[in-house]
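Topology and contacts: notes
If you want the building blocks of each chain, they are given just below.
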Amino acid sequence: MKSTNLSPIRVGLLGMGTVGTGTFNVLQRNQEEIRRRAGRGIEITMVADLDVARAKAAVGEGVQVVDDARKVIANPDIDIVIELIGGYGIARALVLEAIEAGKHVVTANKALLAVHGTEIFAAAHRKGVMVAFEAAVAGGIPIIKALREGLTANSIQWIAGIINGTTNFILSEMRDKGLDFDVVLKEAQRLGYAEADPTFDIEGVDAGHKVTLMSAIAFGIPVQFDKAYVEGITHLAAQDIRYAEQLGYRIKLLGITKRAANGIELRVHPSLVPAKRLIANVEGAMNAVVVQGDAVGTTLYYGKGAGSEPTASAVIADLVDIARLHTADPEHRVPHLAFQPDAMSNLPIVPMSEVVTSYYLRLNVADEAGVLAKVTGILASMGISIDAVLQREADEVGGEGATQTDLIILTHDCVEAKMNEALAQMQALPTVLAPITRIRKEELA
Ligand code: NDP
Ligand code: HSE
């Protein structure tokens, strides 16, 4: 019997919102090609959403729509449950119940997996079912597949990614059009990029969830979002974006995970990136991830990181993987986190104070003799070497007759604890007139 004669695999979808609707539509539109690739049809036969009328209008006749997601999980005809509700609350309970019921699960919910991944993957391993999550990191970009399978020969050195479309959109629009933060955020929400709670985007939490998942897969460590350092873009000022530009850099919110001598770095924060790097030129809601492996060298993955159909593309790729593999012996499937569950590593996450990186500093200072010498003296006393200094004319910064100015300093690499100490000393100088801005700098060479 040809594999394409197998009966379709039946799927239940929880959450008919932005991604749920995209998933349904793409699956309908491309069903014949998908069937030829998967070896059998993939059919969404049951949908749960709180708004039954809206969901019915989206799926049309022939699909059962209910308001209680547990009815989907309890349906013995359903082989795969797609969770597209989001959040850690009901989604966690439903995913665990689906696993317990022996269903394979596909989810785009990075928040859930970054926080409760250990529990969920362990439950799936016990029950011999798959939990697939390509859509959870960088939307339509197949970065999970690349890390877990395509780069499996490599010892991964580091990953740096623009993995939140909303913040990249905000930074791009602020830089290009001089628009205000709030205006651009509203537009990102209107376009469906932002999370239900947009503070997850702008405070770096969403990117933290995603880099936590990539870190686990790259280094074979447990998912541990609670140990990630997370800083968002809300404190960024328009003049920092401008000064960075003048120094040959762009500011991007990067998710970074790196193999270091003392463990694994896991951090999200705004970073100056040399303008000549490809990743510095990723604009709007686009995402990009750079992966450095010891054998392959540097690889770059670029594409839409959010939106209805780009995310659906990743959800459906997971459905096809499951359709192909679900009859295989669980021991012969690709492990959830790339490494065999009994071969995970316990490398520690490096505390932020021990991370080594370089810095951009902006000091608003009194425009008088000796200020620069005092500041550079403090940096020298902490063993921090200066890469470049930019001092603006006082009247350029504060208008004619101004008595204060901006002093911009780029440093070479130093350990974060030393920089924290230097910042405290510089901040205490009477000639430093406002809180010092510190943005980390990544050369990504
Ligand atoms: P939406 O808010 O658009 O959709 C969620 C849907 O779930 C809504 O229709 C909601 O109904 C419904 N829902 C809420 N509670 C329940 C429940 N108990 N039972 C059944 N349905 C329920 O979210 P998105 O589609 O944008 O996101 C879904 C997931 O995908 C999230 O985890 C998100 O982080 C992730 N993701 C989203 C991307 C994007 O571009 N949007 C990209 C990558 C990942 P109601 O509206 O009535 O509350
Ligand atoms: N809110 C997320 C973003 C959606 O802006 O990237 C995709 O995960």
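Computed from a prediction, not measured in an experiment: that's the story for all the values here. (Residues numbered from 1 in each chain as written. Chains lettered and ligands numbered in written order. Predicted model: local features only at pLDDT ≥ 70, side-chain atom pairs only at ≥ 80, totals over all residues. Heavy atoms only, no water.)

To continue, consider the packing of aromatic side chains. For the structure on display, the rule yields three aromatic pairs. A ring pair is formed by Tyr 88 and Phe 200, whose centres lie 6.3 Å apart and whose planes are at 50 degrees; its orientation type is tilted. Note that Tyr 88 is positioned in the loop between strand 4 (80-83) and helix 5 (90-100) and Phe 200 in helix 10 (residues 199-202), a separation of 112 residues in sequence. According to the relative accessible area criterion, Phe 200 is partly exposed, its value standing at 22%. Aromatic side chains Phe 169 and Tyr 193 sit 5.7 Å apart centroid to centroid with 70 degrees between the ring planes, which places their arrangement in the edge-to-face category. One end of the pair, Phe 169, is in helix 8 (residues 165-177); the other, Tyr 193, is in the loop between helix 9 (181-190) and helix 10, and 24 residues separate them in sequence. Of the residues examined, Phe 169 reaches a relative accessible area of 10% and is grouped as buried. Note on Tyr 193: relative accessible area 21%, which makes it partly exposed. (Phe/Tyr/Trp six-rings, centres within 6.5 Å; stacked < 30°, edge-to-face > 60°. Helix = DSSP H or I, 4+ residues; strand = E, 2+ residues; numbered from the N terminus. Buried < 20%, exposed > 50% of the residue type's maximum accessible area, 1.4 Å probe, protein only.)

The immediate surroundings of ligand 2 are formed by Lys 110, Asn 164, Gly 165, Thr 166, Tyr 193, Ala 194, Glu 195, Asp 201, Asp 206, Lys 210, Gly 305 and Ala 306. Contact between ligand 2 and Tyr 193: a nitrogen atom at 2.6 Å from a main-chain N or O atom of the residue. Contact distances for ligand 2 include 2.7 Å between a nitrogen atom and a side-chain N or O atom of Glu 195. Relative to its free-state accessible area of 260 Å², ligand 2 is covered by the protein chains to the extent of 94%. For the shell around ligand 2, the per-class residue count stands at three nonpolar, four polar and five charged. (Near = heavy atom within 4 Å. Polar contact = N/O pair within 3.5 Å; in protein donor to acceptor, adjacent residues only side chain to side chain. Areas by Shrake-Rupley, 256 points an atom, 1.4 Å probe, with all protein chains shown as cover. Nonpolar A, V, L, I, M, F, W, Y, C, P; charged D, E, K, R; others polar.)

Glancing now at the domain arrangement of the protein chain. Segmenting the protein chain into domains produces domain 1 (2-141 + 308-343), domain 2 (143-304) and domain 3 (356-441). Put simply, the middle of domain 1 and the middle of domain 3, counted by C-alpha atoms, are 51 Å apart. (Domains from an automatic or database assignment.)

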